[in-house]
Amino acid sequence: MSRKMNGCTVTNGYNLENGPCLPSKNGFGCNNDHSASCNCYKRTRYMDIDCQSYTYEDIRETSGFLLQKTKYRPEIGIICGSGLGSLAESLTEKQYIPYKEVPHFPVSTVKGHVGQLVFGMLQGVPIMCMQGRFHYYEGYPICKCAMPVRVMKMIGVNYLIATNAAGGLNESYNVGDIVVIKDHVNFMGFAGVNPLRGPNDERFGPRFPAVSKAYNAELRAAALKIGKEMGIQNSLHEGVYTCLGGPNFETIAELAAMKVLGIDAVGMSTVHEVIVACHSGITVFAFSLITNKCLTTYDDDDVANHEEVMETAKNKEDVLKEFVSRMVQHIQKIGGK
Ligand SMILES: O=P(O)(O)O[C@@H]1C[C@H](O)[C@@H](CO)O1
């Protein structure tokens, strides 16, 4: 799609003459003189094209498309982790929109991630659910992996429930336990892989957002209370999650190092989504399903595998549906529609 931005003809975010159009001091796009106020490719070719994947206008186009396709106006968004797509099946009056039909959306490539949006009702509350998320190891730039969260925000989502499958590093965790995430260690961020990298458009959020309170304390407390009410308090924990780039599972030495750092659950997602949610002012609740124990000794015969992850997720389907449904009910009570 072509449009005019600051005198440039831009096609799909590209000024064909000068490369990707970036936010410039004058607004979006190249201003064609490549001076100090111009952020066109000629001035910024040292930057990864990655981080300029989506402009505000792109996100507006995606959310506009969805708002026009659906009658739902959800304030709560849910991201289903590996094997957890069945969470979307609890919705009633469902409307499915495959990612491949949505402008600018990436497509899912991982087993256990269907690759569609599901709009519908849960506990009488409209919900937008991602049945399938995007991981860095699939080959997408990290900002692209997190792009749906910006779409959610523009659609009107104010609460995000992010779920994932994770390995349990904390020795007190068992397979099938739920870990309410209280904090994360952004290992990929240590190496500069951050969804907010690149020019910041203030319309999305601030250049330097605080993420020290990313996981809402009130929702965490509510989750623990809900766990008690459901009688699952012995298999419910609060813990620290980390996301690694994947796709390989971790080495014994890596896991030993992470243990020292106080990490409880190890996965390959969620952190980028939570950072973007925080940046956009979305309130976050996130949890991991412990699908396997992290193996921390060399004499263990077992190895981690995706089949085990999927199988555990399948086995816990019912309890997770109930847990999420009660969380939605709680969020509605405190202000989400
Ligand atoms: O999407 P999530 O984080 O739930 O998926 C986890 C991490 C890998 O994608 C996969 C490994 O089995 O499960």
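None of these values were measured; they are calculated from a predicted model.

Draft legend 1. Spatial organisation of the site of the ligand. Ser82, His135, Tyr137, Ser269 and His306 are the nearest of the 13 residues found near the ligand. At 2.6 Å from an oxygen atom of the ligand is found a side-chain nitrogen or oxygen belonging to Ser82. Interatomic distance of 2.6 Å between a side-chain N/O atom of His306 and an oxygen atom of the ligand. When the free accessible area of the ligand is taken as 340 Å², the share hidden by the protein chains comes to 96%. The set of elements that each furnish at least two residues to the shell around the ligand consists of β11 (159-168) and α8 (306-315).

Draft legend 2. Spatial organisation of the UniProt feature "domain: Nucleoside phosphorylase" (unreviewed entry) in the chain. Taking the numbering used here, the UniProt-annotated feature "domain: Nucleoside phosphorylase" (unreviewed entry) corresponds to residues 75-328. Between the end C-alpha atoms of residues 75-328 the distance is 10 Å, and the span holds 29% helix and 26% strand.

Draft legend 3. Structural context of the side chain of Ser288. Tracing the backbone shows Ser288 in strand β15 (residues 283-293). For Ser288, a relative accessible area of 0% puts it in the buried group. Reaching out from Ser288, the side chain makes a polar contact with the side chain of Asn164 at a distance of 2.7 Å. Apart from residues lying up to four places away in sequence, Ser288 is in contact with Asn164, Ala166, Asp177, Ile178, Val179, Ile181, Tyr241 and Ala265.

Draft legend 4. Quick look at the pattern of salt bridges. In total, this model carries 9 salt bridges according to the counting rule given. For Glu229, the salt bridge goes to Lys225, with nearest N and O atoms at 3.4 Å. Residue Glu229 and its partner Lys225 are located together in helix α5 (residues 217-230), separated by 4 residues, close to a single helical turn. Residue Glu229 is classed as partly exposed on the basis of its relative accessible area, which comes to 49%. Overlapping salt bridges, with partners in common, bring together Glu57, Asp201 and Arg203 in one network.

Draft legend 5. Spatial organisation of the pairing of β15. The buried fraction of β15 amounts to 9 of the 11 residues, a majority that puts the element mostly inside the structure. Alignment of strand β12 (residues 178-185) against β15, held across 3 bridges, turns out to be antiparallel. From the neighbouring strand, Val180 faces β15, where its bridge partner is Phe287.

Draft legend 6. The arrangement of the state of the cysteines in detail. Applying the stated criterion to the full structure yields 0 disulfides. Left without a disulfide partner, Cys294 is nearest to the cysteine sulfur of Cys243, which lies 13 Å away.

Draft legend 7. Local environment of unusual backbone geometry. Cis geometry marks the peptide bond from Gly246 to Pro247; its omega dihedral reads 0°. Its place among the elements puts Pro247 in the loop between β13 (236-243) and α6 (252-260). Positive phi, normally seen in glycine, also occurs at His104, with a value near 75°. Locating His104 in the fold gives a position in the loop between β8 (92-98) and β9 (116-122). We note that Thr270 has phi near 70°; this positive angle belongs to a residue other than glycine. With respect to the helices and strands, Thr270 occurs in the loop between β14 (265-267) and α7 (271-280).

Draft legend 8. Molecular detail of the confidence of the model for the chain. Taken residue by residue, the chain gives an average pLDDT of 89. The fraction at 70 or more is 84%. Residue range residues 34-38 is modelled with pLDDT below 50. Its contacts to residues more than four positions away, or to other chains, number 16 contacts. A low-confidence stretch, residues 41-49 (pLDDT under 50), is modelled with 17 contacts involving residues beyond four sequence positions or located in other chains. Interface confidence in the predicted complex, given as ipTM, is 0.99; pTM for the same model is 0.87.

Draft legend 9. Quick look at the nonpolar core. One finds Leu66, Phe105, Leu117 and Met128 to be the most contacted residues of the largest nonpolar core, which totals 50 residues. Considering every element that reaches this core, the biggest residue donor is helix α3 (residues 142-155), with 8 residues. In this view, Phe105 contacts Thr62, Tyr99, Leu117, Phe134, Met147, Pro148 and Val151; residues no more than four positions away in its chain are not counted. Of all hydrophobic cores here, the second largest spans 33 residues; its members include Val125, Ile161, Ile178 and Met327.

Reading the values: the criteria
- Counting of residues starts from 1 at the beginning of each chain's written sequence and follows it residue by residue.
- Per-residue local features are limited, in this predicted model, to residues with pLDDT of at least 70; the limit for side-chain atom pairs, both in listing and counting, is 80 or more; totals at the level of whole chains, interfaces and linings are taken over all residues.
- Derived side-chain values reflect all non-hydrogen atoms in the structure, with water molecules and hydrogen atoms excluded from consideration.
- Residues are classed as near a molecule or strand on a simple rule: at least one heavy atom within 4 Å of it.
- In the analysis that follows, any N or O atom pair within 3.5 Å is treated as a polar contact, provided that within protein one partner can donate a hydrogen and the other can accept it, and provided that, for residues neighboring in sequence, both atoms belong to side chains.
- In this description, accessible areas are obtained by the Shrake-Rupley approach with a 1.4 Å probe, and a residue is regarded as covered only by the protein chains that are shown.
- A run of DSSP states H or I qualifies as a helix once it reaches four residues; a run of E qualifies as a strand once it reaches two. Both are numbered from the N-terminal end.
- UniProt positions are given in the numbering used here, feature names are shortened, and annotations may be inferred rather than shown by experiment.
- Each residue is assigned to one of three classes by its accessible area relative to the maximum for its type, calculated with a 1.4 Å probe on protein chains only: buried under 20%, partly exposed between the two thresholds, exposed over 50%.
- Only heavy atoms enter the contact rule, under which two residues are in contact if any of them lie within 4.5 Å.
- What counts as a salt bridge is simple: a side-chain nitrogen of Lys or Arg found within 4 Å of a carboxyl oxygen of Asp or Glu.
- Only strands that DSSP links by at least two bridges are regarded as paired with each other.
- Note on terminology: pairs of cysteine sulfur atoms within 2.5 Å are recorded as disulfides.
- You can read pLDDT as the predictor saying how much it trusts each residue, on a scale of 0 to 100.
- As used in this record, nonpolar core signifies buried Ala, Val, Leu, Ile, Met, Phe, Trp, Tyr and Cys residues forming a set joined through side-chain atoms within 4.5 Å.

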